[in-house]
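Below are the chains, spelled out letter by letter.
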Amino acid sequence: MTWTVCSQLGRVSWLAKAKVSRPTAPGPFERRRFAAPSAPRPPDGLRVCEEFVSLREEQILLDEVEPSFRKMKYQFDHWDDAIHGYREIEREKWSAEAASLLHRVCETAFGTGSEVSPLIHILDLDAHGYIKPHVDSIKFCGNTIAGLSLLSTCVMRFVHEGTAEQMDTLLKRRSLYIMRDKVRYMFTHEILKNEESYYEGKHIPRSRRIAIIFRNFPEEKT
Ligand code: OGA
Ligand code: MN
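Structural notes, computed from the coordinates. Keep in mind that what you see is a predicted model, and the values were worked out from it rather than measured.

## Observations concerning the overall build of the protein
- Of the regular secondary structure elements, the protein holds five helices and 13 strands.
- Within the protein, contacts between residues separated by at least 24 positions form 85% of all contacts whose residues are at least 6 apart in sequence.
- Split by element, the accessible area of the protein, about 11100 Å² in all, is 53% carbon and sulfur.

Shown next, in the form of structure tokens:
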């Protein structure tokens with residue numbers, strides 16, 4: 001038997017379209033040269049819950065998604081892609097055990113009654129992979145994006161699109177991050193490559209990382 005997490009009506013292929021809206025020009029890199037040093041406080045609207053899943057729960061999720069990746073190759077060749085060194089799937093059906101874990105994520109990140117996309121995005125980033133600065137599509141994704149980080153700790157960087165204010169956040173393995181409102185719309189986010197993966201002066205080694213990412217739908221305009 002399979003279970004659907006946060007089942008809601010309607011499916012949208014937000015992913016392919018979200019990619020289109022990720023900026024491909026190196027604008028944020030330029031701006032960052034003049035950025036203020038990383039501020040100690042996290043940006044408004046960002047919440048990180050450490051140890052959101054246990055080692056055993058992480059394994060349950062990995063066992064479930066790994067078979068889908070087995071025959072897929074990591075994508076490295078698209079130099080202008082927002083993501084480098086990755087493979088990805090969207091998944092709707094889960095075992096009961098995984099579904100109850102993912103339901104816990106939805107309750108924490110979105111509360112009850114929010115329209116969460118039933119198509120959950122699973123992004124497998126190679127040890128040499130990274131995500132360039134981007135803002136997820138405002139047309140296809142709503143005000144909240146939540147991600148479970150599995151297998152590797154990493155540094156997520158936020159850069160304010162107007163002021164170039166820059167803030168780094170440590171996403172520990174098995175943590176859940178929730179970005180909402182201001183940080184979701186006004187800052188680009190990115191995952192640093194291994195060579196640049198520093199937090200408070202300390203190198204944070206990057207190994208293969210799997211993120212399970214949840215997004216709600218944008219509110220309908222009336
Ligand atoms: C994305 C993204 C972050 C992550 O796929 O748009 O920003 O946690 N992913 O992997
Ligand atoms: Mn994103």
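From this point, the narrative continues.
## Some points on the side chain of histidine 160
- Along the chain, histidine 160 turns up in strand β7 (residues 154-160).
- Setting aside its immediate chain neighbours within four residues, histidine 160 contacts Glu165, Met186 and Phe187.

## Some words on the packing of aromatic side chains
- Enumeration according to the criterion identifies zero aromatic pairs in this entry.
- Taking NZ or CZ as reference, arginine 104 lies 5.0 Å from the ring centre of phenylalanine 52, over its face.
- The ring of tyrosine 130 carries the charged tip of lysine 193 above its face, separated from the ring centre by 4.5 Å.

## A closer look at a nonpolar patch on the surface
- A cluster of nonpolar side chains, namely Ile138, Tyr185 and Met186, defines an oily patch on the protein surface of about 290 Å² accessible area.
- Among the secondary structure elements, isoleucine 138 is positioned in the loop between β5 (120-134) and β6 (144-150).
- Overall, the relative accessible area of 59% leaves isoleucine 138 in the exposed class.

## Quick word on the coordination of the manganese ion (ligand 2)
- Bound to the manganese ion (ligand 2) on the protein side are His134 (NE2), Asp136 (OD) and His189 (NE2), at distances that span 2.1 Å.
- The exposure class assigned to histidine 134 is buried, which follows from its relative accessible area of 3%.

## Brief notes about the pairing of β7
- Counted residue by residue, β7 has seven buried out of seven residues, so it is predominantly covered.
- Neither face of β7 is open: one carries Cys154, Met156, Phe158 and His160, the other Val155, Arg157 and Val159, and all of them are buried.
- Linking two consecutive strands that pair antiparallel, namely β7 and strand β8 (residues 166-171), is a turn of five residues; a positive phi of about 70° is found at alanine 164 within it.
- Here β7 runs beside strand β10 (residues 187-191); their pairing, made up of five bridges, is antiparallel. Among the inter-strand pairings, valine 159 is bridged to a residue of β10, identified as threonine 188.

## Quick notes on the nonpolar core
- Judged by nonpolar contacts, the single largest core of 29 residues is most densely connected at Leu148, Ile212 and Phe214.
- Of all elements in the fold, only α3 (55-69), α4 (96-110), β5, β6, β9 (176-180) and β13 (209-215) reach the threshold of two or more residues within this core.
- Per-element tally for this core: the top contributor is α4, with eight residues.
- Ignoring any residue separated from it by four or fewer positions in sequence, one finds leucine 148 in contact with Phe52, Val53, Leu61, Leu102, Val105, Ser175, Leu176, Ile210, Ala211 and Ile212.

## Describing the pattern of salt bridges
- For the coordinates displayed, the defined rule picks out eleven salt bridges.
- Close ionic contact of arginine 104 with glutamate 57 constitutes a salt bridge, the shortest N to O distance being 3.1 Å. With arginine 104 in helix α4 and glutamate 57 in helix α3, this residue pair connects regions lying 47 residues apart in the sequence.
- For arginine 104, a relative accessible area of 31% puts it in the partly exposed group.
- Residue arginine 215 is joined to aspartate 136 by a salt bridge in which the shortest nitrogen-to-oxygen separation is 2.8 Å. You can see arginine 215 sitting in strand β13 and its partner aspartate 136 sitting in the loop between β5 and β6, a full 79 residues away along the chain. With respect to burial, arginine 215 and aspartate 136 carry one shared label: buried.
- By sharing partners, the salt bridges in this structure join Glu66, Arg87, Asp124 and Arg208 into a single network.

Rules used in this analysis
- Residues numbered from 1 in each chain as written.
- Chains lettered and ligands numbered in written order.
- Predicted model: local features only at pLDDT ≥ 70, side-chain atom pairs only at ≥ 80, totals over all residues.
- Heavy atoms only, no water.
- Helix = DSSP H or I, 4+ residues; strand = E, 2+ residues; numbered from the N terminus.
- Contact = heavy atoms within 4.5 Å.
- Areas by Shrake-Rupley, 256 points an atom, 1.4 Å probe, with all protein chains shown as cover.
- Phe/Tyr/Trp six-rings, centres within 6.5 Å; stacked < 30°, edge-to-face > 60°.
- Lys NZ or Arg CZ within 6 Å of the ring centre and 35° of its normal.
- Patch = residues over 30% accessible without salt bridge, like charges linked within 9 Å, V, L, I, M, F, W, Y side chains within 5 Å.
- Salt bridge = Lys/Arg side-chain N within 4 Å of Asp/Glu carboxyl O.
- Buried < 20%, exposed > 50% of the residue type's maximum accessible area, 1.4 Å probe, protein only.
- Donors = N, O, S within 2.8 Å, 3.2 Å for Na, K, Ca; no water.
- Pairing = 2+ DSSP bridges.
- Core = buried A, V, L, I, M, F, W, Y, C linked by side-chain atoms within 4.5 Å.

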